[in-house]
Amino acid sequence: MIRTRIAPSPTGRLHIGTVRTALFNYLYAKHHGGVYAMRIEDTDKARSKKEHEEEIIEGLAWLGIKHEEFVRQSERLPRHQELLEKLVAEDKANVSEEESKNEPGKTVSVVRLRNPSRDVTFNDIVRGDITFHTGELGDFVIARAIDDPLYHFAVVADDWDMEVTHVIRGEDHISNTTRQILIQEALGTPRPFYAHLPLILAADRSKLSKRNGATSLIEYRDEGFLPEAIVNYLALLGWNPGGNEEHYSLDDLVRLFDLDGVQKGGAVWDREKLLSVNQRWMR
Ligand code: GLU
């Protein structure tokens with residue numbers, strides 16, 4: 001069975017790019033009769049905020065993107081530690097005493113993965129085969145301490161336990177995939193399928209940011225955009241159904257969506273288009 005997830009970090013407002021990633025994960029799972037899960041990646045204690053978590057949950061619910069499973073990454077720390085200890089016991093990782101980068105003079109016991117330093121190739125559903133040489137990564141850090149995993153390690157452990165079959169996320173994560181595959185191989189976990197979505201770009205083709213206007217879902221809601229219009233517009237941002245039809249409800253999208261319609265090139269944010277989609281939904 002197909003299982004997807006949206007894995008937002010609650011470190012800021014709910015970005016429109018996260019919403020589009022959530023929508024594609026939801027549509028892909030629902031189209032194939034699978035399960036769509038939400039995992040709040042809140043292991044960065046300093047930057048994660050309850051109010052952001054609430055905004056993510058509320059915002060996606062407002063659009064009708066409903067998850068069937070919910071996981072909070074911080075609650076899985078004992079499991080992360082168990083897996084880190086297993087890797088150390090098997091000599092696939094080692095605890096390294098070194099000087100802290102953030103606090104010079106202080107000694108920390110980070111966990112480093114023993115890197116086999118070879119080529120890693122993975123198939124991306126959107127982009128085809130991608131190869132990285134892993135040598136320059138060295139024995140990279142996977143945990144700040146045995147009970148404090150870093151992002152790459154937590155993602156792999158959680159995707160495994162949640163039985164995620166398809167990792168669908170922004171293309172800014174492509175280079176992370178190599179590290180994550182090396183961790184999967186050390187743990188002996190199956191490799192999920194990957195699909196990296198094109199970034200949402202501003203009109204000048206720079207990365208969409210606050211400079212180019214509103215980037216948070218709630219700002220659009222507060223401006224009066226309808227949830228149906230936002231879903232309809234976001235679906236067309238990076239996905240091409242073929243043909244001229246552009247008016248889709250969430251149910252239509254579940255019926256039609258598949259990853260083979262996802263494009264490689266950046267998807268340009270077009271406020272005028274969003275306004276016109278919204279007007280159609282108002283009528
Ligand atoms: N937590 C990551 C982020 O907010 C996503 C991780 C993933 O999808 O693998 O970008």
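As shown above, the structure is provided for reference.
The following refers to the structure shown. (Residues numbered from 1 in each chain as written. Predicted model: local features only at pLDDT ≥ 70, side-chain atom pairs only at ≥ 80, totals over all residues. Heavy atoms only, no water.)

A word on the sheet that holds strand β2 (residues 35-40). Within the open sheet, the 3 strands sit side by side as β1-β2-β3. Their pairing is parallel. Of all the strands in the sheet, the pair left with one neighbour each is β1 (3-6) and β3 (69-72). Across the sheet, the mean angle from the axis of one strand to that of its neighbour is 25 degrees, orientation sign disregarded. Pairing of β2 with β3, which is carried by 4 bridges, proceeds in the parallel orientation. Residue pairing across strands places Ala37 opposite Glu69, the latter belonging to β3. Its contacts with the sheet put helix α1 (residues 16-31) on β1 and β2, and the angle it makes with β1 is roughly 165 degrees. Helix α2 (residues 50-63) rests against β2 and β3 of the sheet, and its axis sits at about 160 degrees to β2. (Pairing = 2+ DSSP bridges. Helix = DSSP H or I, 4+ residues; strand = E, 2+ residues; numbered from the N terminus. Axes fitted to C-alpha atoms, helices over the stretch in contact; angles between N-to-C directions. Contact = heavy atoms within 4.5 Å.)

Okay, the packing of aromatic side chains next. Scanning all chains against the criterion turns up 8 aromatic pairs. Taken together through their ring pairs, the aromatic side chains of Phe24, Trp239, Tyr248 and Phe257 make up a single cluster. Above the ring of Phe140, the side-chain terminus of Arg179 is found at 5.5 Å from the ring centroid. Positioned over the ring face of Trp62 is Arg221, at 6.0 Å from the centre of the ring. (Phe/Tyr/Trp six-rings, centres within 6.5 Å; stacked < 30°, edge-to-face > 60°. Lys NZ or Arg CZ within 6 Å of the ring centre and 35° of its normal.)

This structure, assessed with the given rule, holds 28 salt bridges. In this structure, Arg72 and Glu75 form a salt bridge, with 2.8 Å as the shortest nitrogen-oxygen distance. Here Glu185 ties to Arg118 by a salt bridge, and the two come within 2.4 Å at their closest N and O atoms. Residue Glu185 is located in helix α5 (residues 174-187), and its partner Arg118 is located in the loop between β5 (107-113) and β6 (119-124); the two are separated by 67 residues in the primary sequence. When its relative accessible area of 35% is taken as the criterion, Arg118 is described as partly exposed. Connected through shared salt-bridge partners, Arg5, Arg39, Glu41, Arg76, Arg79, Glu82, Asp158, Asp159 and Asp161 make up one network. (Salt bridge = Lys/Arg side-chain N within 4 Å of Asp/Glu carboxyl O. Buried < 20%, exposed > 50% of the residue type's maximum accessible area, 1.4 Å probe, protein only.)

Following both chains from N to C, one finds α1 and helix α7 (residues 227-235) inclined at 80 degrees, their axes separated by 10 Å at the closest point. Relative to α7, the element α1 lies roughly perpendicular. In this structure, α1 uses Ile16, Val19, Arg20, Leu23 and Phe24 to contact α7, whose residues at the interface are Val231, Leu234 and Ala235. Of the residues in the contact of α1 with α7, the class split is 7 nonpolar, no polar and 1 charged. (Parallel < 35°, antiparallel > 145°, perpendicular 65-115°, else oblique. Nonpolar A, V, L, I, M, F, W, Y, C, P; charged D, E, K, R; others polar.)

Reading across from one edge, β4-β5-β8-β9 is the order of the 4 strands in this open sheet, with antiparallel pairing throughout. Pairing within the sheet leaves two strands with one partner each, and these edge strands are β4 (93-99) and β9 (148-149). Judged from the 7 bridges that link them, β4 and β5 form a sheet pairing that is antiparallel. Residue pairing in the sheet places Ala93 in a bridge with Leu113 of β5.

On the secondary structure map, Glu53 appears in helix α2. Judged by relative accessible area, which is 5%, Glu53 ranks as buried. In this view, Glu53 contacts Pro10, Ile40, Phe70 and Arg72; residues no more than four positions away in its chain are not counted.

Core analysis: the largest hydrophobic core is formed by 50 residues, its most contacted members being Leu23, Leu60 and Trp269. Breaking this core down by element, the ones donating at least two residues are α1, β2, α2, β11 (193-197), α6 (217-223), α7, α8 (250-256) and α9 (271-282). When residues in this core are grouped by element, the largest group, 9 residues, is from α1. Leu23 has contacts with Ile65, Val231, Leu234, Ala235 and Leu250, leaving out every residue within four places of it along the chain. Ala93, Val156, Met162 and Ala186 belong to the second largest nonpolar core, which has 27 residues in total. (Core = buried A, V, L, I, M, F, W, Y, C linked by side-chain atoms within 4.5 Å.)

Everything listed here is a matter of geometry and, on its own, says nothing about what the molecule does.
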